[in-house]
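Structure assessment
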Amino acid sequence: TFLLIFLLGVTLHFVGLKKGQWEENVRNELFQTLVTKKTKLEKSLYSRIYYTKSVAAYVSLRPNLSNSEFYNLAEELIQEDTVISTMALSPNCVIAALYPLEGHEAAIGLDLLAHEQRREIVNQTIETHLSFVAGPVELVEGDTAFISYTPIFDKSDSEKEKFWGVTDIVIYRDKLFSEVGLVPEENGDLFSMRGYDGTGKDGAIFWGHPIVFESDPVSVEVSLPYGEWMLAACPKRGWKSFLDQDNF
C-alpha cells in the first residue's frame, strides 16, 4: 500500500512538472509572438502619428499658413495611405481645414473643446506637449478608428511659445491591425487588447476576445506617446489542457 501511494505521488508530481514545463514553453512562445506583433504595431502606428508631428513642426514656425497650404502638406504626407481616413488642422481647437475635405465638410467649424471627452484629451496634449491616441471610436461612416491629436505651439516668436491649436489624424483600427497581421485568433491562440484612450491594463477592452483577460493571459504593453495599450493572448483550449498531454 505504501509503495502504491509513493508511486502515485511520484506520478502526480511528474505530471505536474510536465504540465508546468509545457505551459511555460507555450507562454514563452506566446510572449515572443506578442513582442513581434507589438513591435510591428508600434512601428505602423508611430509612422502615422509622425504625419501630425510634421504638420505641428511646420505650423509652429508658420502659424499664419493658409488652408490651401495645409491641404498641400497633408496630401504630400498622406498620399495613398489607405490606413488614414482624414487629417485636420484646428487653430484654437476649432477645425478649420480637413483633408480630404470631400464627404467631411460637416466637421468644419467643430469646436473640440465643446465636447467633454475631447476637451480632456486636448488639455492633456497641451499639458504634456505629447501626441495622444484616443479611442477607438465609431465613425459616422461606420468604421472604427483611433484619433491621434498633436498639440501645436507657435514658436515664431523666439521669446516665448504659445499654444496655437491641434492637428489630428484619424487612423482606421482594422486596417492598421490588418497591416501588421494582428487578428483575434491565430494558430490556436486567442488575442485581445485593452486600454481605451491609452489607459493600459486598467482600461476597457476594445478588440479581440474579451475572455482572454479572464484566462491568466500572456501580455505585453504597446507603448503610445502618452499611455499604453495591453495586448494579451492565451491558448484557445485553455491552460488546463496541458494536463492531458501524453508526451512522457
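For the structure itself, consult the block above.
The present account deals with the structure reproduced in this document. (Residues numbered from 1 in each chain as written. Predicted model: local features only at pLDDT ≥ 70, side-chain atom pairs only at ≥ 80, totals over all residues. Heavy atoms only, no water.)

**Considerations on the side chain of Thr52**
Locating Thr52 in the fold gives a position in helix α1 (residues 2-61). Filtering out sequence-adjacent residues up to four positions away, Thr52 remains in contact with Met87, Ser131, Ser148, Thr150, Thr167, Asp168 and Ile169. (Helix = DSSP H or I, 4+ residues; strand = E, 2+ residues; numbered from the N terminus. Contact = heavy atoms within 4.5 Å.)

**Considering the pairing of strand β10 (residues 228-235)**
In terms of burial, β10 is a largely internal element, seven of the eight residues being buried. Two strands pair when backbone bridges link them, and strand β7 (residues 189-194) and β10 are joined in this way by six bridges, in the antiparallel orientation. Within β10, the residue paired with Leu190 across the bridge is Cys234. Across six bridges, the pairing between strand β9 (residues 218-223) and β10 is antiparallel. Bridge pairing in β10 places Val220 opposite Leu231. Taken together, β9 and the strand that follows it, β10, pair antiparallel across an intervening segment of four residues, in which Gly227 is found at a positive phi of about 90°. (Buried < 20%, exposed > 50% of the residue type's maximum accessible area, 1.4 Å probe, protein only. Pairing = 2+ DSSP bridges.)

**So, helix α2 (residues 67-78)**
Taking 1.5 Å per residue as the helical rise, α2 with its 12 residues ought to reach 16 Å, and the 16 Å between its terminal C-alpha atoms agrees with that figure. Residues of α2 that are buried include every one of Phe70, Leu73, Ala74, Leu77 and Ile78, and no others. Angular distribution of buried residues about the axis of α2 spans 115°; they occupy a single face of the element. Of the residues in α2, the exposed ones pointing more than 90 degrees away from the buried face are Asn72 and Glu76. The first or second residue beyond α2 is Gln79, which carries a positive phi of 50°. (Expected span 1.5 Å × (residues − 1). Arc of directions from axis to C-beta.)

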